[in-house]
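A structural walkthrough
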Amino acid sequence: MQSQLEAAVEQAARFTGEGKVAAYIPELAKQDKNRLGASVCLLDGTLLTAGDAHVPFTLQSISKIFSLMVALCDHGQRYVFERVGKEPTGDPFNSIVKLELIKPHKPLNPMINAGAIAVAGMIAGASVEERLARMLRLLRKMTGNPDLSVNEAVYRSEQETANRNRALAYFLKDSGILEGDVEETLDFYFRHCAIETTAAELARLGAVLAADGCDPASGERFIPREVARICKTFMVTCGMYNASGAFAIDVGVPAKSGVAGGIMAAVPNRMGIGVYGPALDDKGNSLAGVKLLETISTEWNLSIF
Ligand SMILES: NC(=O)CC[C@H](N)C(=O)O
């Protein structure tokens, strides 16, 4: 498997030049577009890495899976899904258009920005710091990295420029979906998007989901099986934004991507996969990262369908 992973990275690296690094968060534009790394975490804990698997980058939209986990653990399904839907949108991740058109004005799912901002408003905690600490505690346990933390420069860069996310959040407040203070909710959302990780850590996180919410090696339970199941289902239907349908056909595994270039995949009962390649396609997914996943999915027969 190690040599196949290395070959897949080498082969997919040819495509990094065809993508573009996200620039709407100015700090992300500083990333090296030629980077590509991948990691696989098997359910006995074995970790394979190839290429830039230890280069740090920020979770961005991948963090939406973990805020959803915390919200579901805090409030249960009924409360969460009264405020955010379960349906894919077919629109870009930061789209505004359906929010007003659909009544009630609740975001269609927790993986688009509007839905994730609504989820951010649900996380229990007296302050932004406390909410962030709760999310970091879960992620540190799952990755086994006690130093996991927020990249302050990326956080500040988004905080200073996020007019579109502000528009979404204020609309949600006006519609009664968002209950707390809007700027505090946004502040927490920008911080959890800016949590820094690596492809190797994403592989471990994917492995926890692949193992139904348990540490794949020790068996320690981090989240209820039911919560892991809901997260993996959202990864299939909405994890790759408005390219989720094509990804389900071409790769066929639950996966979540972020605009910094990460992809976390969970192959049920088999493995977690982490990918980093900051050059994105026009939907905002890692261009070479998706190619790489197509290759290994075919070679290892990973599709769940
Ligand atoms: N698709 C993404 O990764 C988006 C996350 C980013 N923080 C944003 O809100 O725009």
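Residues numbered from 1 in each chain as written. Predicted model: local features only at pLDDT ≥ 70, side-chain atom pairs only at ≥ 80, totals over all residues. Heavy atoms only, no water.

**Some points on the side chain of Thr16**
Topologically, Thr16 is positioned in the loop between helix H1 (2–12) and strand E1 (20–21). A polar contact of 3.0 Å, which involves the side chain of Thr16, links it to the backbone oxygen of Ala13. Those residues within four positions of Thr16 in sequence are excluded, and the remaining contacts are Lys33, Asn34, Arg35, Leu36, Ala279 and Ala288. (Helix = DSSP H or I, 4+ residues; strand = E, 2+ residues; numbered from the N terminus. Polar contact = N/O pair within 3.5 Å; in protein donor to acceptor, adjacent residues only side chain to side chain. Contact = heavy atoms within 4.5 Å.)

**Points about the domain arrangement of the chain**
By a widespread convention, an interface's size corresponds to the accessible area lost as its parts come together. Here the chain is partitioned into domain 1 (2–60 + 197–300) and domain 2 (63–193). Between domain 1 and domain 2, the C-alpha centre-to-centre distance is 21 Å. In this complex, domain 1 contributes 32 residues to the contact, which on the side of domain 2 involves 36 residues. Summing both partners gives a buried area of about 2,900 Å² for domain 1 against domain 2, and 75% of it is carried by carbon and sulfur. Viewed at the interface, domain 2 and domain 1 are joined by 0 salt bridges. For the side of domain 1 that touches domain 2, the secondary-structure elements that each account for two or more residues are helix H9 (199–210) and helix H10 (225–238). (Domains from an automatic or database assignment. Buried area = accessible area lost by both parts, 1.4 Å probe. Salt bridge = Lys/Arg side-chain N within 4 Å of Asp/Glu carboxyl O.)

**Digging into the sheet that holds strand E7 (residues 262–267)**
Pairing within the open sheet is antiparallel, and its 5 strands lie in the order E3-E2-E8-E7-E6. Since the sheet does not close on itself, it has two edges, and those belong to strand E3 (47–51) and strand E6 (255–257), each with one partner. Along the sheet, successive strands turn relative to each other by an average axial angle of 10°, direction set aside. With respect to the sheet, H9 is in contact with strand E2 (37–42), E3, E7 and strand E8 (271–276), its orientation differing from that of E8 by roughly 150°. (Pairing = 2+ DSSP bridges. Axes fitted to C-alpha atoms, helices over the stretch in contact; angles between N-to-C directions.)

**Some details on the UniProt feature "binding site: substrate" (unreviewed entry) in the chain**
In this numbering, the UniProt entry assigns the feature "binding site: substrate" (unreviewed entry) to Ser61, Asn113, Glu158, Asn165, Tyr189, Tyr241 and Val259. Relative to the elements of secondary structure, Glu158 occurs in helix H6 (residues 152–161). For Glu158, a relative accessible area of 4% gives the class buried. Setting aside residues no more than four positions away along its own chain, Glu158 makes contact with Ile25, Gln60, Asn165, Tyr189, Phe190 and Cys193. Tracing the chain through its elements places Asn165 in helix H7 (residues 163–174). Filtering out sequence-adjacent residues up to four positions away, Asn165 remains in contact with Asn113, Ile117, Glu158, Leu186, Tyr189 and Phe190. (UniProt positions renumbered as here; feature names shortened; annotations may be inferred. Buried < 20%, exposed > 50% of the residue type's maximum accessible area, 1.4 Å probe, protein only.)

**Focus on helix H5 (residues 128–143)**
For H5, which comprises 16 residues, the first-to-last C-alpha distance of 22 Å matches the rise-based estimate of 22 Å (1.5 Å per residue) to within 8%. Among the residues of H5, those classed as buried are Val128, Arg131, Leu132, Met135, Leu136, Leu138, Leu139, Met142 and Thr143. Buried positions in H5, seen along its axis, are confined to an arc of 160° and lie on one side of it. Every exposed residue of H5 that faces more than 90 degrees away from the buried side is listed here: Glu129 and Arg137. In the core, the buried residues of H5 are packed alongside helix H2 (63–83), helix H4 (113–120), helix H8 (182–193) and H9. (Expected span 1.5 Å × (residues − 1). Arc of directions from axis to C-beta.)

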